[in-house]
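The primary structure of each chain is shown beneath.
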Amino acid sequence: MTHEKQKLIVKDFNGGTYTLLEVIGEGGQGTVQRTDQVNLVAKITNLLPDVQLKEIRKQFKHVMRLPIRDLKIALPLSLLDLENHSKFNNHAGYVMELMDGLVPMTELMQVATDALMSDEGLSGYVKTGGLLRRLKMLARLARVLADLHGRGLAYGDLSPANVFVSQSLEYAEVWLIDADNVASQSRDGQQGVFTPDYGAPEILRGESGINTLTDSWSFAVMAYRILTLVHPLKGDVVLEGEPEREEAALRGELPWVDHPVDRSNALSIGLPREITLNAPLRALFERCFNAGLNNPGERPSLNEWADAFEAATGHCDQCESCGSTFFYTSKHICPFCDHAQDTNRTILLQEYRYMPPDLLREGLPEDVPESLIRKECWTRTGKAMVLSMSPAELKTLPLGTSLYADARPLCTVELAKDGLWIEPSAGTQVSLQRASDDKVVAVVRRQRLKSDSRSGVSFWLHLGSVEEEHVVWRFNW
């Protein structure tokens, strides 16, 4: 005779009853389990001594009062009454809301890593969303953390186990769980609260509690691992050495794996950085893991990370053969399958600031050559966007700025089989200029550059009055 497994039931202090289902998250502090209530999950700590139990319950109540319910952080809704519970006596817990259809980011990483270590190669990386989806998720995660830091709070135990993402590849939603770690200051009494591999070196050395700088470290480690599938501090000598060497590396006593000069901890495995990281991202990782290894103040802020990842999402192309996404290059070759792309499928838009010659000449000597003045009219910002076969909005702010989502659209551009369509937004002055001459043609309605006229000639797309300083996007047609 078989017996049905006894259901685990818990109650909260408001009288709510919850049946615990499968574990969806597990860390050093406890577990997160689905319940029989729609979109509600339960966080239950590990067994705790009485003194610590009292403190953690106090922390739960504190987090419930924090002004962060507008952020994508799953906060405690009600505390669980676990005293005298048959299984969870001397445990603490709470119920939080978490949308259905989300899975821990650890699953995404595991699928990709397992495939890389087997005969499947990069298939796991591609089938979990590829490069572009990873960039979008990291951009959103960084923005949530930046908003949290902007309110004077640090998250604490940041790791892929505490980040839940969309299970469907069509989306890149991100939610943080385990909000009970959120604190308004460094908590020296809880230096041990971190996930192995993700704690900042100063925490492992016992020199610091959690703060925004330790958050920045943990985020960078997680981002690097998600993109390259390797740890930034575990080079070949660490992976092949004794456990003591790994501990030393995590304490910051060895150079990071991509150190530009000291190659003593270099790494020979993982995805090539040149195809998973663009130049701005490589620069931020270098700052964090080199200068910021033992000097936390040198680490990039979460705002910097958010800007860089948001901008990076605009630099991606999609392979017409294997379907994977990759950083655009002038060679138009997919690094995942080596397929040469149809060059007519994409256009690279590069952003400039334009200053009219008359404004530039103000205050300058009259003998300054006109040719020099005109050369100084154009200032490249370093921002770019890859336009493929779908419409894109050009806004008052470029992709990769914190206020981009709310910025006003100035123009819509769409690359189609019959040409490049340009449509100004209402009330916006838009004009088109061939770079080889000074003739500027106003675009007052939806207008097309025909496909059969495409010959590689440079154009300037002015978004604003040509008599005032404004944004210009340069492209070849």
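Everything here concerns the structure above.
In this text, all values refer to a predicted model and were calculated from it rather than measured experimentally. (Residues numbered from 1 in each chain as written. Predicted model: local features only at pLDDT ≥ 70, side-chain atom pairs only at ≥ 80, totals over all residues. Heavy atoms only, no water.)

> Quick question: what am I supposed to make of the overall build of the protein chain here?
Scanning the protein chain from terminus to terminus reveals 13 helices and 21 strands. Along the first, second and third principal axes, the C-alpha set of the protein chain runs to 85 × 55 × 50 Å. Burial status across the protein chain gives 50% buried among its 477 residues. Relative to all contacts within the protein chain whose residues are 6 or more apart in sequence, the contacts with residues 24 or more apart total 60%. Taken as a whole, the protein chain presents about 23100 Å² of accessible surface, with 49% of it coming from carbon and sulfur. (Helix = DSSP H or I, 4+ residues; strand = E, 2+ residues; numbered from the N terminus. Buried < 20%, exposed > 50% of the residue type's maximum accessible area, 1.4 Å probe, protein only. Contact = heavy atoms within 4.5 Å. Areas by Shrake-Rupley, 256 points an atom, 1.4 Å probe, with all protein chains shown as cover.)

> Teacher, can you tell me more about the environment of Ile73 here?
Residue placement: Ile73 occurs in the loop between helix H1 (50–64) and strand E5 (76–79). Separated by 104 residues in sequence, Ile73 and Ile177 have C-alpha atoms that sit 6.0 Å apart. For Ile73, the residues in contact, after removing those within four places along its chain, are Ile68, Val144, Leu148, Trp175, Leu176 and Ala179.

> In this structure, what is going on with the environment of Leu135? I would like to understand it.
Within the secondary structure, Leu135 sits in helix H4 (residues 130–150). The spacing of Leu135 and Ala311 is 176 residues in sequence and 9.3 Å in space, taken between C-alpha atoms. Residues within four places of Leu135 in sequence aside, it is in contact with Leu227, Leu281, Phe309, Ala312, Thr313, Cys316 and Phe327.

> Would you mind going over a nonpolar patch on the surface with me for this structure?
Together, Met117, Leu239 and Ile269 make up an exposed nonpolar region whose accessible area comes to about 300 Å². Along the polypeptide, Ile269 turns up in the loop between helix H8 (243–250) and helix H9 (273–276). Of the residues examined, Ile269 reaches a relative accessible area of 37% and is grouped as partly exposed. (Patch = residues over 30% accessible without salt bridge, like charges linked within 9 Å, V, L, I, M, F, W, Y side chains within 5 Å. Salt bridge = Lys/Arg side-chain N within 4 Å of Asp/Glu carboxyl O.)

> What is the right way to read the pairing of strand E12 (residues 347–354) from this model?
Of all eight residues in E12, six are buried, a share of seventy percent or more. Direction of pairing for E12 relative to strand E13 (residues 378–387): antiparallel, over a ladder of seven bridges. Considered in E13, the bridge of Leu349 is made with Met385. Strand direction decides the pairing type here: E12 and strand E21 (residues 470–476), joined by five bridges, are antiparallel. Paired with Gln350 across the two strands is Arg474, which belongs to E21. (Pairing = 2+ DSSP bridges.)

Honestly, that's just the spatial picture; any functional story needs more than this.
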